[in-house]
Amino acid sequence: MATESTVPPTPAALASGSGSAPAHEIPGLHVPSRSVRGELRAIRAVWRRELIRFSRDRLRILTSLVQPFLFLFVLGTGLSTLVSSSTHGVSFRTFIYPGVLCMAVMFTAMFSAASIVWDREFGFLREMMVAPVRRSSIVLGKCFGGATVAGFQGVIVMAIGPLVGVHYTLGLALEIFALQLLLAFSITAFGMMAAARVTQMQSFMALMQMAMMPMFFLSGALFPVNKLPAWLGVLNRIDPLTYAVDPMRRAVFAHLDIAPLARRALDPGVTWWGWHVPGLLEAAVVAILGLVMLAVAIAEFSSVE
Amino acid sequence: MDEPAISVTGLAKSYGEIEAVCGIDFEVARGETFGFLGPNGAGKSTTINMLCTLARPTSGSARVAGFDVVAERDRVRRNIGLVFQDTTLDNYLTAEQNLRLHAELYGMPRETIAPRMKTVQEMLQLWERRDSLVGTFSGGMKRRLEIARGLLHSPRVLFLDEPTIGLDPQTRSSIWSYISSLGREQDITIFLTTHYMDEAEYCDRIAIIDRGKIVVLDTPEALKASVGKDRVQIHTDDDEATIAALRERFGIEARMAEGVVTFGVAEGEQFVPRLFDEWDPAHPPIRSVSVARPSLDDVFMSYTGSTIRDAEAGSTDMMRNMARMMSR
């Protein structure tokens, strides 16, 4: 208590009733108190770690490209003979290309979120959790990292566009890239939310598979979303991924040189009770869902001791 | 007049029905190396977790580096370094990348990061391997890197939870030489837990904790002096009869410890000839006798009634239950 008398208590300390805190700032103590800048540095540090780890993991970059290629060139080519009569001269590969763009991003983002389960298993999560920063900064850093990594993966799939008849302008490339980042961010947030509760890697992967596959198949990545049977139409409109695939397809088809009839058939757009949902609103749906899941993830991680 | 580095009053933590720590009090002075000694499951890790703000006390309070562990959590965190039982390094990053990430998370001023990283890595002899992936490090190197990282942000109190667990004896002693030099040269308070008796000897003071309570707290020398007796162990074919014989003829209350008849006498070496002189041929023949100066094992035994190894065997079930509860 003797140390207290050497320093007059600050008003804040008096108000809080604890007079001892300011007396203990000794010279040579390097760590400053919590600040916005500190939180931003923490976010960036966690983000950078994701990038370093991703760049080391060349195998992961390669393997996560297998699935998009299978869908695009094997499934796409195989089915094109069957469906050629109804695609109005547009290649089936071109048709599913926007969906495959989404898929590439989705699975990479999911793996990024899974890394927090590994972090917990190998103890590194603890190092981050005990740091004198907000848990939200850790979660945000992870989400941005996942989005960046998945965005990079998306760029590789974007680069194969010309092979399926999609030639980019700068505007289209930016639009697609922005949508990919948004989707990747939301999926990572979803994965983080799940990872807060599911602590076993096997269970986490099983859960993710269970969520991802239906989301992908229902989203309209592989079929036009009008003229569906009622039950499928409802499921399709509920599926959040629908609202990422649809604007992606709109952007691509707006740049294709095809007949208006073909465009109407292949890119009908999502409707709610007959009303055409604008692309910006669809992107907003993805963003809002992502933010909600991010908020849940932050709350979950903050409440853990 | 310095405020103590750590002061604890009535600190308690329960997990449901189980009381892991039941109201402990102690103080650690600045610059002291303080050891928490006890079997697994005695409440050591729970205590350290409360002091590090990782677990909320059920009742009582604790101040670390002058800050309250509940009300001023971040201030506490900023002023302590942590080395956990299990490794918390990222194996896919290099040693330097691990340290740099830590520096960023702790908000160290940029210009201090590089020199400070060099200092701690040189101190723990890791400088040569700074660009190697941590995954390629041996267990001892990983532990050293964790200590280096714990020191990076110049904490005032360093917490080490079983710093040498799972390491071979040689590595253990080298880790200890680092820890001892820290205490001397860095003016840093060290709080550690261990269940190795020989390691507790390195501490300035130790607290023996058993079943969530501090049973005694003093310097290792004072504790050993307080026992004041040598430890004698007798091997025969019939332990029951031996204990009975010791009671009848010598008035000594012996008991079983680690499967051997054990008791304490003031002058062990002089007692042995007397033992053989007066040992009745009707008693079970003595196969061997050993006499030992009081060690911390004896201290532990005289205060808790069992050796630390026996206590561990008994508390394993309880520990398992707790581990299950804590990992949910």
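The preceding data block contains the structure.
Here's a quick rundown of the structure. Bear in mind that the values here come from a model prediction, so they are computed numbers and not experimental data.

1. Remarks on the overall build of chain A
Looking only at helices and strands, chain A features 12 helices and 2 strands. Its helices and strands in sequence order give chain A the pattern α-α-α-α-α-α-α-α-α-α-α-β-β-α, from N to C terminus. Here chain A holds 305 residues, and the buried ones make up 49% of them. At a minimum sequence separation of 6, the contacts of chain A that also span at least 24 residues come to 77%. Roughly 14000 Å² of accessible area belongs to chain A as shown, and the carbon and sulfur atoms make up 70% of that amount.

2. Some details on the packing of aromatic side chains
Taken as a whole, this structure holds 19 aromatic pairs over all chains when the rule is applied. Geometrically, the ring pair formed by Phe216(A) and Phe217(A) is edge-to-face, given 5.6 Å between the ring centres and 65° between the ring planes. Ring centres of Phe26(B) and Phe191(B) lie 6.0 Å apart, and the angle between their planes is 20°; on these two criteria the pair is classed as stacked. Of this pair, Phe26(B) sits in strand E2 (residues 18–28) while Phe191(B) is found in strand E8 (residues 189–194), placing the two residues 165 residues apart along the sequence. Neither Phe26(B) nor Phe191(B) differs from the other in exposure class; each is buried. One aromatic cluster is present, built from ring pairs that chain together Phe26(B), Phe34(B), Phe36(B), Phe159(B) and Phe191(B). The ring of Phe84(B) carries the charged tip of Arg126(A) above its face, separated from the ring centre by 3.8 Å. Above the ring of Phe95(A), the side-chain terminus of Arg249(A) is found at 4.1 Å from the ring centroid.

3. Remarks on the nonpolar core
Counting 123 residues, the largest nonpolar core has Ile6(B), Phe26(B), Leu51(B), Val64(B), Leu105(B), Phe159(B) and Phe191(B) as the members making the most contacts within it. Considering each element in turn, this core owes the most residues, 18 residues, to helix H4 (residues 92–121) of chain A. Those residues in contact with Phe191(B) that lie beyond four places of it in its chain are Ile6(B), Phe26(B), Val28(B), Phe34(B), Phe36(B), Ile48(B), Leu51(B), Leu158(B), Phe159(B) and Leu160(B). Within the second largest apolar cluster, 42 residues are counted, among which are Met117(B), Leu145(B), Ile188(B) and Leu192(B).

The rules behind each value
- Throughout this description, residue numbers start from 1 for each chain and increase along the sequence as written.
- By the order in which they are written, chains take letters starting at A while ligands take numbers starting at 1.
- pLDDT decides what is reported in this predicted model: residues at 70 or higher carry local features, side-chain atom pairs at 80 or more are listed and counted, and totals for whole chains, interfaces and linings draw on all residues regardless.
- Water and hydrogen atoms play no part in the side-chain values, which are based on all heavy atoms of the structure.
- A run of H or I in DSSP becomes a helix once it reaches four residues, and a run of E becomes a strand once it reaches two; helices and strands are each numbered from the N terminus.
- Note on exposure labels: buried denotes an accessible area under 20% of the residue type's maximum, exposed denotes more than 50%, and partly exposed covers the range between, all computed with a 1.4 Å probe on protein chains only.
- Pairs of residues are marked as contacts when any of their non-hydrogen atoms sit within 4.5 Å.
- Per-residue and other accessible areas were derived by the Shrake-Rupley procedure at a 1.4 Å probe size, with only the shown protein chains allowed to occlude residues.
- Centres within 6.5 Å make a pair out of two Phe, Tyr or Trp rings, where for Trp the six-membered ring is used; the pair is then stacked when the planes are under 30 degrees apart, edge-to-face when over 60, and tilted otherwise.
- For a Lys NZ or an Arg CZ to count as sitting over a ring, it must be within 6 Å of the ring centre and within 35 degrees of the ring normal.
- Nine residue types can take part in a nonpolar core, namely buried Ala, Val, Leu, Ile, Met, Phe, Trp, Tyr and Cys, and a core is a set of them joined through side-chain atoms within 4.5 Å.

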